[in-house]
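Descriptive analysis of the structure
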Amino acid sequence: MSEVKLTAETRTEFGKGAARRIRRDNKVPVVLYGHGSDPLHLTLPGHDLQLALRTPNVLISLDIDGKTNELAIPKAVQRDPLKGFLEHVDLQLVKRGEKVTVEIFVHTEGELAPGGNLLEHVLNALPVETEATHIPESVTVSVEGLEAGASILAKDIPLPSGTTLAVEEDTVVLQVLAAQAEETEGEAAGGEEAAEA
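Residues numbered from 1 in each chain as written. Predicted model: local features only at pLDDT ≥ 70, side-chain atom pairs only at ≥ 80, totals over all residues. Heavy atoms only, no water.

**Points about the pattern of salt bridges**
A side chain of one charge can pair with a side chain of the opposite charge if their charged atoms are brought near each other. Counting across every chain of the model gives one salt bridge. The partner of Lys 27 in a salt bridge is Glu 9, with the nearest N and O atoms 3.1 Å apart. Placement of Lys 27 in strand β2 (residues 27-34) and of Glu 9 in strand β1 (residues 3-10) is noted, with a sequence separation of 18 residues between them. Residue class for Lys 27 comes out partly exposed when judged on its relative accessible area of 29%. The partly exposed category is assigned to Glu 9, whose relative accessible area is 37%. (Salt bridge = Lys/Arg side-chain N within 4 Å of Asp/Glu carboxyl O. Helix = DSSP H or I, 4+ residues; strand = E, 2+ residues; numbered from the N terminus. Buried < 20%, exposed > 50% of the residue type's maximum accessible area, 1.4 Å probe, protein only.)

Written out as structure tokens, the structure is:
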């Protein structure tokens, strides 16, 4: 898991006007919270933060006003719906060795059984509990040879050492569906009627 160092400045202005000024300076308003402390309002460099957030569950090392260093993970990211730039980010304080609950992406490998079956991702991300400084970016599961009706449950997904499920073991993560089975039956019935006529 990667750790990104960013320089943060304490923010004293609040409200929409202040947020617009911060974004005009290519910075992003951020709130840092956790461990029972009062929320800390900060600004972070926009471009550097955007790059950092490309990594899922990135661990951010914050140098706050050159006085304190804190570790944090992103909890909520607000982007402009049209232009995609960062509007606001919530960060959660973490400590080395502390367990956190995060969602990690589920990737698949292999080919389904022949027959035009479809793979449905019931959960795109799997909730897990893991150490804050060792958050896996993703997990990979094989779907090789699975046929229609097959499911992969949370307990079937291999997790890295030190990572445990934060959902019920029998939660369906992936399932294999028969491709357009209803349409095929309907067309077949229509075809028989046409043949009888």
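Moving on from the coordinates now.
**What to know about the confidence of the model for the protein chain**
Overall, the predicted model of the protein chain reaches an average pLDDT of 82, with 90% of residues at or above 70. This model gives residues 193-197 a pLDDT under 50, and the stretch forms zero contacts once residues within four places in sequence are excluded. (pLDDT = per-residue confidence, 0-100. Contact = heavy atoms within 4.5 Å.)

**Remarks on the sheet that holds strand β12 (residues 164-165)**
Here we have four strands laid out as an open sheet, ordered β10-β7-β9-β12, and mixed in their pairing. The sheet is open, and its two edges are formed by β10 (138-142) and β12, each paired on a single side. Relative to strand β9 (residues 125-131), strand β7 (residues 99-109) runs antiparallel, the two being bridged by seven bridges. The partner of Glu 103 across the bridge, within β9, is Pro 127. (Pairing = 2+ DSSP bridges.)

**What about the pairing of β9?**
The buried fraction of β9 is high, at five of seven residues. Relative to β12, β9 runs antiparallel, the two sharing two bridges. Bridge assignment links Glu 129 to a residue of β12, and that residue is Thr 164.

**Focus on the side chain of Arg 11**
Here Arg 11 shows up in the loop between β1 and α1 (16-24). No salt bridge is formed by the buried Arg 11. Its closest oppositely charged neighbour is Asp 90, at 7.3 Å. A polar atom in the side chain of Arg 11 sits 3.1 Å from the backbone oxygen of Val 30. A polar side-chain atom of Arg 11 sits 3.1 Å from the main-chain carbonyl oxygen of Leu 42. Apart from residues lying up to four places away in sequence, Arg 11 is in contact with Ile 22, Pro 29, Val 30, Val 31, His 41, Leu 42, Thr 43 and His 88. (Lys, Arg positive; Asp, Glu negative; His and termini not counted. Polar contact = N/O pair within 3.5 Å; in protein donor to acceptor, adjacent residues only side chain to side chain.)

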